[in-house]
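Take a look at the letters that make up each chain.
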Amino acid sequence: MPVGPVARDGRTAVFFDGTSRGEFLIRRCQHCGAAGEPAIGQCPGCGSADLDWSPASGVATLVSWTVVPGREGGATILAIGQLAEGPWWWAQFADADPAALRTGLPLRITFERDGEHEAVPVFRPA
Ligand SMILES: [Zn+2]
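Residues numbered from 1 in each chain as written. Predicted model: local features only at pLDDT ≥ 70, side-chain atom pairs only at ≥ 80, totals over all residues. Heavy atoms only, no water.

A. How the structure looks around the layout of surface pockets. In this structure, the largest pocket encloses a volume near 420 Å³. In this structure, the largest pocket is lined by 18 residues; those nearest its centre are V6, F15, F16, W89 and P121. Of all the elements in the fold, those that place two or more residues in the lining of the largest pocket are helix 1 (13-20), strand 6 (88-92) and strand 8 (119-125). In terms of residues, the lining of the largest pocket owes the most to one element, strand 6, which gives four residues. Of the residues belonging to the lining of the largest pocket, the class tally is 14 nonpolar, two polar and two charged. (1 Å grid on protein atoms, 1.4 Å probe; cavity = no way out; pocket = protein on both sides within 12 Å on 5 of 7 lines; lining within 4 Å. Points joined across faces, edges and corners; volume = space filled by probe spheres on them. Helix = DSSP H or I, 4+ residues; strand = E, 2+ residues; numbered from the N terminus. Nonpolar A, V, L, I, M, F, W, Y, C, P; charged D, E, K, R; others polar.)

Structure representation (structure tokens):
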């Protein structure tokens, strides 16, 4: 399943440095310790903008999904997973049978790369 080319910018450089090492980085509040998904600009718990990067476990459970038919056959599954650390994240769901999906299905995060572009997180069945 191709993930397509993804390029970093100033906001995503640290995140993609992590994916290139096989790490999924989330944000951790320096004040209250709450976890947030990688793109947040402030803490979901206390509103602080003082956020660190922290490696997540890569373990998640399926919250919701949609199956997008391809123009030339096949389909792509887009899923929302709840990370073990709490935040939700959406990504392509690879190697999954759409008929077997159910809420709460155990997931793991792996990484796909299109040529020389950035490594992109995808969900797979755990
Ligand atoms: Zn906080």
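B. Summary view of the side chain of S48. Tracing the backbone shows S48 in the loop between strand 2 (35-36) and strand 3 (51-55). A polar side-chain atom of S48 sits 3.5 Å from a polar atom in the side chain of H31. Leave out the neighbours within four places in its chain, and S48 touches C29, H31, Q42 and C43. (Polar contact = N/O pair within 3.5 Å; in protein donor to acceptor, adjacent residues only side chain to side chain. Contact = heavy atoms within 4.5 Å.)

C. Fine view of the coordination of the zinc ion. Protein ligation of the zinc ion involves C29 (SG), C32 (SG), C43 (SG) and C46 (SG), the donor distances falling in the range 2.3 to 2.4 Å. In this structure, the zinc ion is coordinated by four donor atoms arranged in tetrahedral fashion, with angles at the metal of 101 to 119 degrees. Judged by its relative accessible area of 43%, C46 falls in the partly exposed class. (Donors = N, O, S within 2.8 Å, 3.2 Å for Na, K, Ca; no water. Tetrahedral: all angles 85-135°; square planar, octahedral: opposite > 155°, others 65-115°. Buried < 20%, exposed > 50% of the residue type's maximum accessible area, 1.4 Å probe, protein only.)

D. Up close: the sheet that holds strand 1 (residues 25-29). Taken together, three strands build an open sheet; the order of strands is 2-1-3 and the sheet is antiparallel. Every other strand in the sheet has two partners, leaving strand 2 and strand 3 as the edge strands with one partner each. Here two bridges tie strand 1 to strand 2, and the two strands are oriented antiparallel to one another. Residue pairing across strands places R28 opposite A35, the latter belonging to strand 2. (Pairing = 2+ DSSP bridges.)

E. Structural view of the nonpolar core. With 20 residues, the main nonpolar core has F24, L62, L83, W89, F93, L107 and F123 as its most contacted residues. Every element with two or more residues in this core is listed here: helix 1, strand 1, strand 4 (59-69), strand 5 (75-83), strand 6 and strand 7 (106-113). Sort the elements by how many residues they give to this core and strand 5 lands first, with three residues. (Core = buried A, V, L, I, M, F, W, Y, C linked by side-chain atoms within 4.5 Å.)

F. Spatial organisation of the packing of aromatic side chains. Here the structure, examined in full by the defined rule, presents four aromatic pairs. Between F15 and F16 the ring centres are 5.3 Å apart and the planes differ by 70 degrees, which places this aromatic pair in the edge-to-face class. Judged by its relative accessible area of 7%, F15 falls in the buried class. Relative to W89, the ring of F24 lies with its centre 5.1 Å away and its plane at 75 degrees, an arrangement referred to as edge-to-face. Of this pair, F24 sits in the loop between helix 1 and strand 1 while W89 sits in strand 6, placing them 65 residues apart in sequence. When sorted by exposure, F24 lands in the same class as W89, which is buried. (Phe/Tyr/Trp six-rings, centres within 6.5 Å; stacked < 30°, edge-to-face > 60°.)

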